[in-house]
Every structure is written in C-alpha cells, then in structure tokens.
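Chain by chain, the residues run as shown.
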Amino acid sequence: MASSSKPKRIYHVFLSFRGTDVRNNFLDHLYRALDLKGIYTYVDSEELKKGDQIASALMKAIEESHIAVIIFSEDYASSTWCLEEAVKIMECKEERDLKVFPVFYKVEPREVRTPREKYKEAMDKHESKFGENSEKMKRWKKALLDAGNLSGWLVKEGDDSEHIQGIVKEIATHLGREPLHVAKHLVGIDSRVLKLKSMLNLESNDCVLMVGLWGQGGIGKTTLAKAIYNDIFTQFEGSSFLANVRETSKGCKDLVTLQEKLLNEILLRSQRLVVSSVDVGTNLIRERLFCKKVLLVLDDVDDLRQLSALAGEGKWFGNGSRIIFTTRDEHLLTAHKIDQDHVYEVKALDNSEAHELLTKHAFSTHQKLKIRANLVDGVLNYTKGLPLALEVLGSFLCGRREHEWKSTLKKLSKIPNKSINDVLKISYDGLEENEKEIFLHVACFFKGQEIGYIKKVLGSCDLEIAIGLKILIERSLISIKSGTLQMHDLIQLMGMDIVQQDCRDDPMRRSRLWLYDDVLDVLSYDMGDCAVKAIVLEPHELKEISINPDAFTKMRRLKLLILRNVYNSFQGPVCLPHWLRWFEWPGAPCFPEFSSGPKRLVGLCMSKSSITIVAKQYKDLQQLKYVNLSDCKSLEIPELPPSFSYLYAEGCKSLKNNGDLTSLHHFVRRGLSMADAYSSGQMPHDFKIILSGGELLEWVFPVEEGSVSFMASKDLYNKFLALALCFILCDDESEKETLVVSHVNGKRLDHSPHTSYTSELEHISLEYLIPCDLWGEVDFSQIDGSHVRFSSTVLGTRVKKWGLRILCKALEDDLKVELQDNQLMDPALLYEICHESTYLEAESSLIHEDSSIETDLHKDSQDCQMSTENHSQGVSKRNHKLILSRGMQTTSNSIGRDEYSGVGLQLLL
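Residues numbered from 1 in each chain as written. Predicted model: local features only at pLDDT ≥ 70, side-chain atom pairs only at ≥ 80, totals over all residues. Heavy atoms only, no water.

Asker: Hey, could you run me through the overall build of the chain in this one?
Answerer: Along its length, the chain carries 33 helices and 34 strands. Taking all 909 residues of the chain together, the buried fraction comes to 54%. Sequence-distant contacts, at least 24 apart, represent 71% of the contacts inside the chain between residues at least 6 apart. Of the roughly 41500 Å² of accessible surface on the chain, 47% is carried by carbon and sulfur atoms. (Helix = DSSP H or I, 4+ residues; strand = E, 2+ residues; numbered from the N terminus. Buried < 20%, exposed > 50% of the residue type's maximum accessible area, 1.4 Å probe, protein only. Contact = heavy atoms within 4.5 Å. Areas by Shrake-Rupley, 256 points an atom, 1.4 Å probe, with all protein chains shown as cover.)

As structure tokens, this is what we get:
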C-alpha cells in the first residue's frame, strides 16, 4: 500500500500564550533557552491577530510545527484568539500527530479543565456574547478540557528558571526522536507492520522481547524495520535505530562508535557519553538502561559479536523494552536465543504489489510514453517481487522508450544489474569455502531439483552437504519447498555471474560450465591448465557433441560430469579421469573407461543405455555407492563393489531375479554392517535397491493393512540391529511422492521424509535401515511404563504392497517369555542372529564377498532362528496375513516434515 503524505514540518515548537501575562518575563526566558539549544520556535506578534479570527499565518504555523506548548496563564481564556489557537492545536494533535505540552503558569490544571476562578469568569463573558450552547463555546470548552488533562508543568511563583530548564530538556528529548525516512514509495507495508506489531505484543510490559526480521538481501527488511520504528517509537522512554551495523562495525573501534550512538540517542544527554572500549560500552548500556523502557533496532547484523556488544541480553533493558534485529542469517538469531515464534521472515511482494511498486518508480504521473504489457511483465518476471530490484530497475527505466526496455531486458539476461548484484553478493561473500562451493553448484546446475538427489551428488564431491545446505537456508540463499531446492532467480544469476567473472572470454578458466557452446569450446581445446571442476550439460533438445576419447582426462580438477540429451558423434568409449566423483550420461552409447590411478567414482548413472557389458574396470570402482542402470534392458552386471548403497535397476531384465541382491542372507550381512557402523559412532549409509518385479520378497513380513504397530521394552528394543522394508510400487502419474510416517507412543515424529521417483513399470523397492532411522533415538527413561508402542504407516497410492523384517540379536529366554506372555508383537517380524561367531562372519563376508563364508552364514542363520520359525515360514506364503495381537494395532496418523532435523524413513519411490 502506498504511503500517506506526511505534513511538512518547519518549526520545532509553536508557543501559544496570552501576551499581557507572560511576554516580558516567562515567555522571553523560555524562548531564549530554546533558541540557545538550536530549537526553531514560532512566537506570534500581536499584529497577526485581526478581529475575532485567528490569522491564517498562525493556523499554518501550528500545522507546520512538531511540538506546541500552550502556556495557560490567568488571562489566557479571556482572549478569543488564544482559545482559537487551543482548538487548532488540539485538532492538529489528533489529525497531524502534533505533540502538545501544557504549562500551567500560576494557575491550577483544574481551573483550566472545569473551568474555575479566572477561567470561569472569562468563559461566562464569552457565553453572554456568543451564547452558552453555541458551537464556538462548545469547541473552546472541549479544547480547554482536553489540554488541561495532558501531562505538563505547573509553574508557581519564583521557580521559572528551574521549570524552563525542564521544559527545554523534555522538548529536546522529543525532537531528538524524530521519525525516520523510510522510502520514496511504500507498497504492501501496512499489513506487514500490523503482523509485526502483533508479534511484538506491545500491550505487555512484563518482560523484554527480542524479535528478528530475517530474509534475503534486498527483500525489504530495513524498510519494514524503519516503518515499525516510526509507528511505535513514541511508546517508549527512549529509542535508537542503528543502521548498517554490518558495515559500521567492521572493527572493534567501530563497535564502540555504535555503543556511543546507542547510549546518546536513548539517554539524550546534553553532554555526550564517551566510550573508551567495547567492554566499557557494554557495562554502560547495562547500567544506564536496565530500568528504562526502550526501543532498539539493530539493522543488518551479521556477527554474534555485534549482538553481544549492543544487546547481549534482555535484562540489560527495562521491562517493556523491544529489541529488533534485521539479518540475512537466521542462525544468528538462533544463537542469540531468539525462538522461532519471534522470527519474522520477510518475503517478496506478491504480483499485484510488485506491479504497483514498479509502476510508481517506472512511470511518472506526467509521462505520456506507453510501454507494452509484455515488457512490463518481463521486468516483473525478472525481479520476482524483490523490492530492491523493482526500485532500481523501475527508476532506471523511467522515461525510457519501448526499444530501450527491450534492450535492457536482453542485457539483464546475460549480465546482472550491478547495483542489485552488489547487494545480493554480500550474502555470498560472508560464506566459507564449503558453502560457497555448494552455492555455486546449486546456482549453476541444481535449482529446482530434488533435494535427495542433490545431497547425493554434492556429497560425493567432497563437500559437507548437510551443514552446507543448512547454512545456505539460514542465509536466505536457498529454500526447500515440496522436496525440491529453490532459489530466487536474481540470486541464481548472481551465482552464475560469479563463475563467469573468473574469465568471461575463456570458459576453460571457469570452474563450472553449463552452456552448450562453452562446453564445445573447452572440448575443442588442446588443454593446458583447465580450471573446470564441473560440467552439467542439458540442452532443451537433443544435440550432437564430439567428445575426443581423452578430452576429459586433461581436466585435472573435474569432479562432476553430467551429460543429458546429448549424443557423441565420435565413435568409441569416452575415457574419464580416475579422480572423477560423479558421472551421469543417460543413453550413453557404451560404458566409459577410466584413466590409470585409484578410482574415486562415487556415483554412476547410465540409465536407458544400450550397453550390454560393463568394462572390466568396474570392479576397481571401490568407492562406488550410487548406481543407476535402470532400463538397460540387455545389461549383465558383474559383481557389485562392496561400497555400493543404492542400486536402481528397474527395467533390467537380467537383474529381475537376482537372488543375491534380494536374499535374506544379503539382508543379514548388510544389516550387521550397518549396526556395527552405528555402534562404533558412525552414521551408516542408507541402502536401497530398486528392481523390476511385482511380488514381495519371500522373507519379508507382509503388512496387510498399510500400517504396523507393536510394543517393545527397552531390553527388546536394544536387541534390534537393523530392519528391511520392501515396497511394491506401481506407476501413478498423479502422485510423485510417497511418505512413511512413524509414531512412538502415539507421538508423531518431527519429520517424515519423502522422495520422488519416476518409473513406468511395476517395481520393487528394498531398503535397509537402522532402527533410529525409523523411530528415532528413544529415551525409555522419559516414558511412563515399561513398554513403548512403535508404529509406521505408508501413505500414498503408489504402494501396492509393503512389508518389513527386523534383524535382532539373540533373545534371552526371559525376553522370549515376555514376547509370548504379553503378546507385544508378532514374533515373525524378528530374525535372530544367535551367536557372536555368526556376527563376525557376517561382517567378514560383507567385506570380502567370500562365497564359502556366505554359504556358512546362510546355514548358521537358518539353524539359529528362534523357535517361532515355523510361524516365520508362513510369512513366505502369500496366504499368510498379519494378525494383530493385543500389542499390535493399525494406525493411520500422518506427520509433518522437517528437511534437516529429526528422524524418519527416506524412500526412493
């Protein structure tokens, strides 16, 4: 919403008085004292008053003043001019926010309010002349009543000097707390101020409240902070708005400057406080402001040192105080103990607001130029509701013709506007190297892609992805919506520009390539020193590219190579550098070769390829974790590396009945390995297999009702090592995501991961987890009773069937009795590993893939199954149904999702 026009203020103070009473004594002294303070004061002269009407000059002077002082002397009410001044002053108080101070000079306030004595005599005379019920008399009486009820000064005989000092000090205090200039054009501000005022809870004076305004650069945090400051600062005993804290406080000395400014603005001392050091300043703030109700705004903070030096704790200030921070870094607010209920995320303008703001800046009221709607829409699409961009571009385009608008948009598609880019880049400059690398990868390659996929790719490139993504979210550089990673278009352009600035004319000197022509140029060079770290090429239509067999091996820094929608006109296999971490080429003509040296490949995606055999070097890929060979219909895969965690092979007919990958024996080996990693303090990798098929594996316990629930004691739960979940999924274009939600004692967990996966075929998804992945870290000491109820529910129409199996250590006799007597869970859910030698052999078999040990393990495992094995064997028969005993029940609750905290099950569906 546009800002309303503010009244023009010329005078600091307007003095209303009865000349015969005070002109040559009190008034003169007061005027000189104000003048000495530099306070511009309006004092009328007698000749301005004509007849019974207040002169227009006096009326205008009242309207153009910040403060009005009414000196109520004995004969004030006898003058109709003075009464008209009082009426006008009180009108301006209500309508124009004029501050009014009464001075009761040798009269009592009640004489003015009621009126009495001299005031009654004067009003009686006016009544006899104008009539008791005349409008004029009603206005005068109301003005006297309202003004007489205001707080002011009572001046009696002999103490003029002392009161004048107090009056001047109070006026100087109020003049020192003037509203701030906010912006030339304000749009959409009123609703945001209203919401922020609600968060500030201004009605309460019980405590000190700290609130954070968080958002990306240029989003309008400072504008909103100024607007709320102007709206509420008069409700506090003192106030200070410290602008540009980040820029101002780059050194310790500059923090001292800010401390001085804060103290002097709030205390408004005639003699400025001088701060010698940050520690001294901190003590002064605590000592001088601990009982004062203040409003403090710290704008653009980016370091905890700033908050610690200027507003370290709420108890530094008096009750009822409100402290507001603006920042791009959400974690800074968390570190300062500001809870999420008091963090206001400043968001972009909606379409109508953005259009209004652009119109105000780009089109002057007298402009006759007409600009086509599609060009205006082009600017709106470019700015995406970012107020800074709308203001900068709107002002730049103001008065320009259509061809200049068109040229500007074309230029912006190649090179960002410097004024906008410089503001946005501040957030990037404050990142550490790990976060900078992740940010540039996302900006250049991965905006809009599924978050689980991005974690796998960038985590494979030696980046600490979990904390890196979290920091980028806190700095307002990225967001996660519906499982995909999002970024404002202008922030993305800023990131791309950072990469291109490495060398605009030579793509070989850039760290990342994503444009078709740039990739062609680099591949055509006889490379010397090549700076390229990553190539992601995905043209909109199928394109030819000529790749020399040794082209990539000359890229000494290349870690990431993704080629989509391209085909190689050069015959023969491509040779990849052995240091490459991630390789994707759906539809690749043949399996790649690798240069000599230790192979570091972590991810390999060659789906929908016509390859039939895998190169011998495949067995050397000892770090390979993620394999996607889906729809490689004729491919025969040799022995998989022991490190692999994800295999997507639906549509591979040769793997449809691969018993080793989906066997109970493989589950035991994998489960023991994961449990061992977890017990040694490591977080084991997820493990998933996607294969063609439409039936649950025989050793998996089928869940018939979509939900499973059971009870377990602490002793029983501690026996759980790992679990397997198997899903039969069908293609459903209307639903791209499937959720698994879990409860512990009926309490929904903090998050429920979900992952999208597309397949045109019915397929099996098999996943191995450790118990805390599904049900979290369970603290039995905080739970009433000896047993806890665990449950999991699958939500989604894509899941035709599902089942699970829990791998556990050998159960002592008392636990078996407990299971049988209390009917806590169906024993068929459990698969026991009975003795330590089996445990160790399983670990060894996983590492060495020794077939003889596998055979022994399979036999040992079968021999050691619990006495309920006959029941378990029934699981393999499709006519067996899950019978829910007293400890088991069907649940249907769902839960919310947090991208980075809590526990849960992630499915690739």
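Asker: In this structure, what is going on with the sheet that holds strand 2 (residues 41-43)? I would like to understand it.
Answerer: Neighbouring strands of a sheet are bound in pairs by backbone hydrogen bonds; such pairs are parallel or else antiparallel. Read from one edge to the other, the open sheet built from 5 strands follows the order 2-1-3-4-5, with strand pairing classed as parallel. One side of each edge strand has no neighbouring strand; the edge strands of this open sheet are strand 2 and strand 5 (153-155). Mean inter-strand twist for the sheet, computed between neighbouring axes without regard to direction, equals 25 degrees. Two elements, strand 1 (residues 11-16) and strand 3 (residues 65-72), share 5 bridges in a ladder whose sense is parallel. When the bridges of strand 3 are listed, Tyr11 appears paired with Ser65. (Pairing = 2+ DSSP bridges. Axes fitted to C-alpha atoms, helices over the stretch in contact; angles between N-to-C directions.)

Asker: Whenever I open this one, the packing of aromatic side chains confuses me. Can you help?
Answerer: Aromatic ring pairs are described here by two measures, namely the spacing of the ring centres and the angle between the planes. Tallying each qualifying case throughout the model produces 31 aromatic pairs. Judged by centre distance (4.9 Å) and plane angle (15 degrees), the rings of Phe667 and Trp699 are stacked. Here Phe667 is found in helix 27 (residues 664-679), whereas its partner Trp699 is found in the loop between strand 24 (687-692) and strand 25 (701-703), with 32 residues between them in sequence. You'll find Phe667 and Trp699 in the same group, each marked buried. Site record: aromatic cluster; members linked through ring pairs are Phe445, Phe446, Tyr453, Trp582, Tyr626, Tyr646 and Tyr648. The positively charged end of Arg400 is found above the aromatic ring belonging to Phe396, 4.2 Å away from the centroid. The ring of Tyr646 carries Lys456 above its face, with NZ or CZ at 4.8 Å from the centroid. (Phe/Tyr/Trp six-rings, centres within 6.5 Å; stacked < 30°, edge-to-face > 60°. Lys NZ or Arg CZ within 6 Å of the ring centre and 35° of its normal.)

Asker: Just to check I follow, could you spell out the pattern of salt bridges for this structure?
Answerer: Side-chain pairs of opposite charge can arise where the charged atoms are in close proximity. On inspection of all chains with the given rule, the structure shows 33 salt bridges. A salt bridge links Lys93 to Glu94; the shortest N-O distance between them is 3.7 Å. The exposed category is assigned to Glu94, whose relative accessible area is 62%. When the shortest N-O distance is used, the salt bridge between Asp497 and Arg504 registers 2.4 Å. Where salt bridges share partners, they join Glu84, Lys136 and Arg139 into one cluster. (Salt bridge = Lys/Arg side-chain N within 4 Å of Asp/Glu carboxyl O.)

Asker: Even after reading the chapter, I still don't get the pairing of strand 33 (residues 799-809), so can you show me in this structure?
Answerer: Working note: regular strand, side chains alternate between the two faces of the sheet. Of all 11 residues making up strand 33, 8 are buried, and the element is well covered by its neighbours. Examined bridge by bridge, strand 27 (residues 720-729) and strand 33 share 9 bridges and lie antiparallel to one another. Looking across to strand 33, one finds that Phe720 is bridged to Cys808. Relative to strand 34 (residues 830-833), strand 33 is paired through 4 bridges, and the arrangement is parallel. What sits directly across from Ile806, in strand 34, is Leu830.

Asker: I'm lost on the sheet that holds strand 8 (residues 294-301) in this one. Help?
Answerer: Taken in spatial order, the 5 strands line up as 7-8-9-6-10 in an open sheet, and their pairing is parallel. The open sheet is flanked by strand 7 (238-242) and strand 10 (343-345), the only strands paired with a single partner. Each strand of the sheet is rotated relative to its neighbour by a mean of 15 degrees, with strand direction disregarded. In terms of strand pairing, strand 7 meets strand 8 through 5 bridges, oriented parallel. Bridging from a neighbouring strand, Gly238 pairs with Val294 of strand 8. Packed onto the sheet, helix 14 (residues 304-311) meets strand 6 (209-214), strand 7, strand 8 and strand 9 (322-327) and runs at close to 165 degrees relative to strand 8.

Asker: Looking at this structure, I do not really get the side chain of His441. What am I missing?
Answerer: Along the chain, His441 turns up in helix 21 (residues 433-446). By relative accessible area, His441 is classed as buried at 5%. At 3.4 Å, the side chain of His441 forms a polar contact with the side chain of Arg512. (Polar contact = N/O pair within 3.5 Å; in protein donor to acceptor, adjacent residues only side chain to side chain.)

Remember that the coordinates give geometry; whether it matters functionally is a separate question.
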